[in-house]
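Take a look at the letters that make up each chain.
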Amino acid sequence: METILEDTEVYSCIIDSCIGWMRKDFVADDLLCPMCGNEMMQEIRVLPKI
């Protein structure tokens, strides 16, 4: 099966040492990083379509 990639809105942690991020569709309402609890910022990543 071929993997289809697409531009995807995500939120990533603002802390450089943290690798936490989530797709926009799954992010918590408070927009806090699930790994460290800091704020997250919106960005676009090319990810496999789900």
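See the structure above.
Residues numbered from 1 in each chain as written. Predicted model: local features only at pLDDT ≥ 70, side-chain atom pairs only at ≥ 80, totals over all residues. Heavy atoms only, no water.

Peer 1: I tried to follow the sheet that holds strand 3 (residues 40-48) on my own but got confused; where do I start?
Peer 2: Sheet strands line up and pair through hydrogen bonds in the backbone, either parallel or antiparallel. Within the open sheet, the three strands sit side by side as 2-1-3. Their pairing is antiparallel. Both outer strands of the open sheet, strand 2 (21-23) and strand 3, are each paired with one neighbouring strand and no more. Ignoring which end each strand starts from, the neighbouring axes of this sheet average 35° apart. The sheet contact formed by strand 1 (residues 5-13) and strand 2 spans three bridges and is antiparallel. Looking across to strand 2, one finds that Val 10 is bridged to Arg 23. (Pairing = 2+ DSSP bridges. Helix = DSSP H or I, 4+ residues; strand = E, 2+ residues; numbered from the N terminus. Axes fitted to C-alpha atoms, helices over the stretch in contact; angles between N-to-C directions.)

Peer 1: Which parts of the structure should I look at to understand the nonpolar core?
Peer 2: Side chains that are nonpolar tend, in soluble globular proteins, to be buried together. Membership of the largest hydrophobic core is limited to six residues, which are Tyr 11, Cys 13, Cys 18, Val 27, Cys 33 and Met 40. Here Cys 33 is in contact with Cys 13, Cys 18, Gly 20, Asn 38 and Met 40, once residues within four sequence places are set aside. (Core = buried A, V, L, I, M, F, W, Y, C linked by side-chain atoms within 4.5 Å. Buried < 20%, exposed > 50% of the residue type's maximum accessible area, 1.4 Å probe, protein only. Contact = heavy atoms within 4.5 Å.)

Peer 1: Hey, could you run me through the side chain of Ser 12 in this one?
Peer 2: Looking at where Ser 12 falls in the secondary structure, it is placed in strand 1. Under the relative-accessibility criterion, Ser 12 is labelled buried at 4%. A polar atom in the side chain of Ser 12 sits 2.9 Å from the side chain of Glu 43. When neighbours within four sequence positions are excluded, Ser 12 is seen to be in contact with Gly 20, Trp 21, Glu 39, Met 40, Met 41, Glu 43 and Arg 45. (Polar contact = N/O pair within 3.5 Å; in protein donor to acceptor, adjacent residues only side chain to side chain.)

Peer 1: How should unusual backbone geometry be read in this particular structure?
Peer 2: Leaving glycine aside, a negative phi is the common case for residues, and trans is the common case for peptide bonds. Its identity as a non-glycine residue notwithstanding, Leu 31 has a phi of 55°, on the positive side. Within the secondary structure, Leu 31 is located in the loop between strand 2 and strand 3. When its relative accessible area of 31% is taken as the criterion, Leu 31 is described as partly exposed.

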